[in-house]
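Per-entry structural report
Letter by letter, the chains look like this.
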Amino acid sequence: MIAASGWLAIVILAAIAIFLFFNATRSFEEVGLWKMVSGEFWYPTSDPAQYGFLPSEAGSLWVTIVGLVVCVPLGVMSAIYISEFASRRFKDIAKSLIEFMAAIPSVVFGLIGLALLVPWTQKLFNLDTGLTAFSAGVMIGILTLPTIVSIAEDAMHAVPQDLRMGSLALGNTRWQTAYKVIVPAASSGIFAAVMLGLGRAIGETMVVLMLAGNSGLIPSQPFVSARTLPGTIAGELGEVIQGGQHYSVLFAMGLVLFVVTFLVNLAADSVLERQRRRWRR
Amino acid sequence: MRTSRSAARIRSARIAETVAKSILGTATMIALGIAVFLIGYLAYRGMGYVSWEFLTQAPRKAMTEGGIYPVIVGTVWLTAWTAFFALPFGIMAGIYLAEYSPRNRANRIIRIAIANMAGVPSIVYGLFGVALFVLQMGLGRSIIAGSLTLACMTLPVIITVTEEALRQIPRDLRQASLALGATKLRTIRKVVLPAAAPGIVTGSILALSRAAGETAPILFTAVAFFAPIADSPFDETMALPYHMYIMATSATKPAPQMVWGTAFVLVAGVSLINVVVASWRARQRRKIRW
Amino acid sequence: MVERTQTDGAFELVDVSVSYGNEMAVGGVTMSIPEHAVTALIGPSGCGKSTLLRCLNRMNDELGDVTVDGTILLDGQDIYARTMDPVELRIRVGQVFQKPNPFPMSIYDNVAYGPRTHGLRGKAELDAVVEESLKRAALWNEVKDALKKHAFELSGGQQQRLCIARALATEPEVLLMDEPASALDPISTQQIEDTIAELKESVTIVIVTHNMQQAARISDRTAFMLRESMDRPATLIEIGETRMMFTNPGDKRTEAYITGRFG
Ligand SMILES: Nc1ncnc2c1ncn2[C@@H]1O[C@H](COP(=O)(O)OP(=O)(O)OP(=O)(O)O)[C@@H](O)[C@H]1O
Ligand SMILES: [Mg+2]
């Protein structure tokens, strides 16, 4: 019984893949996987319907890029500061604030984005609408911040104190110690933090659904409304006929999303595992 | 000779350090400032609407008046059922990984699977829930289908916190029990699990409180725009995150208390649980010291 | 590059006390540490040997809530003076830790780490420093063909000598060693002891050890510390010529400790 539960994770993961696949088969037969993945037009309700994922893929890409630009520098720098420079008291406060931020549901980030970020974006860049890939990306960057800070901070914290002391005792400043010894030693953990952040950013649903605008065109820059993979699924699954063509296309889209995040997480995990082995001396 | 040359070098190293420190410090202040701002802004917009009436009454007049009592109840039910499904399996799987599993290839695959489950986007869980629980198993849109979906999503977290809590227990304790002739299962049940319980309970509650705030997985598996308090777990329900989402994005101008009051209740609830659990944990820690 | 011409590296401690938070761990230590000799710090566990040692290169500063009172002079210069930068001090006073702690990089880069930090760039010069430091640490013959190898591939004893070489590469006047051989096997210990014997020609060495024979073998002077009760700080019981301390200690408590009656 206990051993069986151990295997449950594999069973569920496999079940997800299988159910996505079987519910998507109709779209593979009637539309074709490659035609969906590389199709430029998303007109699911016109006749004949066109199911191109490119608008969603490009939108997801822009949102993710903006998100990473916000959270990676800010997150990694904060992690270095918290791990290497902050006093213990400040560290405690900072960590509980970060934890608090991580506990806020993503739909609340969406709400605050609607209330503040969307009007700000519209005014600041003089746009027709503030519902853009940019606003969604910024909010996703903020939402991903706690993930990156805490994993990167953990990675630096896991570097043995001996190394830190060894470097300081050689007459290095804390900064020299940080960038010459600690950050390189923790680099794989920091990389994994970025990858996990990336995975979250690609898969985050509510924020893009609420903020990205969900327009149909392929965005060539982030300051326009865009649709995303998760946003499209969440926005349309409620309105389609179960078992119909559109329905199965959305499952195909889910499968694409699943595969992409799976690969990203796999990369992060293998890097983390290497790091874990390294300090198990 | 030596001192003068190295003094200049040390001075420039110190300047570099000061510059780096202030840049990193600024980044940190921005990150923490965002966190503080989010908390403050939510409280500023939402706190005023929270009253006894708001918490204990049903919405009235097409959700422009009244409270969110059924919505709160819906979220509580969803979370409770999620716990019911996820906890036993999650804890057992954690025990398996920490106590039984050999360090081999199969095990490595289990670990990869768990890590990856945690990274599957929530909307994909939503799709999975629709396909398996709502349609295949014929549960329809219901509390059960929604909480099964949420349970799948919460499972990897519960497994991980259980495993970590168990690994914190010193080896001596296990060996002491085994040396007394206790079986492995008995050792786990009587010695290891009780010692690890605070960690498991804390981690699980935190994981469940996250589940309570999820929207995408229940979007198509459990919730309705309006539903009375469910009579049975096979009914549709309302839920805080969804209620807030639908109010915030509805075409008609929403009643502010429905949006911001709900958001505040959701966040305050989640963080209240976090604080209570964290302080309980700290007290337990002080009691048991390795 | 700095010439190693100084004949200094002597410490003078006057009424030194160290507190962690509100709790004083070491109180009122007055002693002198002569240059180019090996001074051993001995005493039971928890008597503040490491704490006192860390005062000498101000590593206590890095631990957070630690205060050091009293005066510590290095060659007549107050090392806790406002004008003294700990970084500068640590270039002059190196440290070797209990557990070998090579950085996760190649052998060469480990040794070159300090000199590079302090501005040495030329390849030829770096090569020379690395070679000389490894020779002084008695590791050169074992690694001269594998300088690009990752430091973690060395054995524990080799790693520790690598750490000694790394500390020597910045040309310190003083080398602090906190139980440098306690994590090592007897042969590696022997090698480290030989290294120390050679090093004292050129650097002052302060070594903490739990091994009485080791203290007797390698040190010129021995200081005995003791914390007699948990609610009082540890103090220096006595310091003197190692031979005298081991054959004819001035204090009963020293004798009891050395002959193994407590600690
Ligand atoms: N970082 C620290 N924070 C708080 N207290 C400390 C710290 N380091 C040491 N102490 C306390 O100071 C006292 C002296 O410790 P220290 O490590 O200097 O002893 P020691 O003689 O080196 O012992 P050992 O032989 O076991 O290494 C101990 O009571 C210890 O608890
Ligand atoms: Mg010590």
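Preceding this paragraph is the structure being described.
So, here's what we can say about the structure. (Residues numbered from 1 in each chain as written. Chains lettered and ligands numbered in written order. Predicted model: local features only at pLDDT ≥ 70, side-chain atom pairs only at ≥ 80, totals over all residues. Heavy atoms only, no water.)

**A short note on the overall build of chain C**
Selection rule: Helix and strand assignments come from DSSP, with helices taken as H or I runs of at least 4 residues and strands as E runs of at least 2, each series counted from the N terminus. For the radius of gyration, the atom set is restricted to C-alpha positions; the globular benchmark scales as 2.2 Å times the number of residues to the power 0.38. Only protein chains enter the accessibility calculation, which uses a 1.4 Å probe; a residue is then buried when its area is under 20% of its type maximum, exposed when over 50%, and partly exposed in between.
Summing up its helical and strand segments, chain C has 10 helices and 10 strands in all. Its C-alpha atoms give chain C a radius of gyration of 18 Å, near enough to 18 Å, the size a compact globule of 263 residues would have. Oriented by its inertia axes, the alpha-carbon framework of chain C measures out at about 55 × 45 × 30 Å. Split into buried and exposed, the 263 residues of chain C put 57% on the buried side.

**Examining the nonpolar core**
Where we set the bar: By nonpolar core we mean a set of buried residues, namely Ala, Val, Leu, Ile, Met, Phe, Trp, Tyr and Cys, connected to one another through side-chain atoms within 4.5 Å. For the domain bounds, the source is a domain assignment made automatically or taken from a database. By definition in these notes, contact holds between two residues if any of their heavy atoms fall within 4.5 Å.
A:V108, A:F109, A:I112, A:L237 and B:Y245 are the most contacted members of the largest nonpolar core, which totals 181 residues. In terms of residue count, helix α6 (residues 133–157) of chain A provides more of this core than any other element does, 15 residues in total. Domain assignment of the residues forming this core places at least three in each of domain 1 (2–49) and domain 2 (52–289) of chain B. Other than its neighbours up to four places away in sequence, B:Y245 contacts A:V107, A:M206, A:L209, A:M210, B:T215 and B:L219. Core analysis: the next-biggest nonpolar cluster, separate from the first, contains 45 residues, C:Y108, C:L134, C:L162 and C:I237 among them.

**Some remarks on the pairing of strand β8 (residues 204–208) of chain C**
Regular strands place their side chains on alternate faces of the sheet. Residue and element names in this part refer to chain C. To keep things clear, this is the line we draw: Strands qualify as paired when DSSP identifies two bridges or more between them. Orient the strands so they point away from the viewer, and a crossover whose first-strand-to-second-strand path over the helix runs clockwise is right-handed.
Burial analysis of β8 places 5 of its 5 residues in the buried class, the great majority of the element. Pairing geometry for strand β7 (residues 174–178) and β8, over 5 bridges, is parallel. Across the sheet, the residue bridging to V174 is T204, located in β8. Once the chain exits β7 it traverses helix α7 (residues 186–199) before rejoining the sheet at β8, and the crossover so formed is right-handed.

**A short note on α7(C)**
Residue and element names in this part refer to chain C. The condition that has to hold: Between the first and last residue of a helix there are one fewer steps than residues, each counted as 1.5 Å, and that sum is the expected span. Polar contact is defined as a pair of N or O atoms within 3.5 Å, subject to the rule that within protein one atom must be able to donate a hydrogen and the other to accept it, and that residues adjacent in sequence are counted only when both atoms are side-chain atoms.
Given a rise of 1.5 Å per residue, 14 residues ought to cover 20 Å, and the 20 Å separating the end C-alpha atoms of α7 matches this to within 8%. The inward-facing, buried residues of α7 contact β3 (38–42), α4 (123–136), α6 (156–168), β7, β8 and α8 (212–218). Its side-chain oxygen placed 3.1 Å from the backbone nitrogen of I187, D185 serves as the N-cap of α7.

**As for the layout of surface pockets**
Spelled out, the test is: Think of a 1 Å grid over just the protein atoms. A cavity is a set of points where a 1.4 Å probe fits yet cannot get out, a pocket is an open set with protein on both sides within 12 Å along at least five of seven lines, and lining residues have an atom within 4 Å of a point. Grid points are joined across faces, edges and corners, and a volume is the space filled by probe spheres set on the points. Residues are grouped as follows: Ala, Val, Leu, Ile, Met, Phe, Trp, Tyr, Cys and Pro are nonpolar; Asp, Glu, Lys and Arg are charged; every other residue, Gly included, is polar.
Approximately 820 Å³ is the volume attributed to the second largest pocket. As for the second largest pocket, its lining consists of 27 residues, and the residues nearest its centre are A:A86, A:R174, C:E62, C:L63 and C:G64. Its residues assigned to classes, the lining of the second largest pocket comprises 8 nonpolar, 7 polar and 12 charged.

**Focus on the site of ligand 1**
Residue and element names in this part refer to chain C. To be explicit about the condition: For this purpose, a residue is taken to be near a molecule or strand whenever a single non-hydrogen atom of the residue falls within 4 Å of it. The accessible surface values rely on the Shrake-Rupley method and a 1.4 Å probe; as for residues, cover is taken only from the protein chains in view.
S45, K49, S50, T51 and H210 are the nearest of the 14 residues found near ligand 1. Residue S50 places a side-chain N or O atom 2.6 Å away from an oxygen atom belonging to ligand 1. In this structure, E179 approaches ligand 1 through a side-chain N or O atom, which is 3.3 Å from an oxygen atom. Considering ligand 1 on its own, with 630 Å² of exposed area, one finds that the protein chains cover 64% of that surface. The greatest single-element share of the shell around ligand 1, amounting to 4 residues, is contributed by helix α1 (residues 49–55). Split into classes, the residues belonging to the shell around ligand 1 amount to 4 nonpolar, 6 polar and 4 charged.

**Some words on the interface of chain A and chain C**
Selection criterion: Summed over both partners, buried area is the accessible surface (1.4 Å probe) that two parts give up on being assembled. Each reported salt bridge corresponds to a side-chain nitrogen of Lys or Arg within 4 Å of a carboxyl oxygen of Asp or Glu.
Facing 20 residues of chain A, the contacting portion of chain C comprises 26 residues. In total, about 1,900 Å² of surface goes out of reach between chain A and chain C, with carbon and sulfur atoms giving 61% of it. Between chain A and chain C we count 2 salt bridges in total. In this structure, A:D162 engages C:K99 in a salt bridge whose closest nitrogen and oxygen atoms are separated by 3.6 Å. Inspection of the region where chain A meets chain C yields 6 residue pairs in polar contact (both at pLDDT 80 or more). At the level of secondary structure, the elements contributing two or more residues to the side of chain A that touches chain C comprise α7 (161–169), α8 (174–185) and α12 (245–279) of chain A. Take the side of chain A that touches chain C: its biggest share by element is 7 residues, from α7(A).

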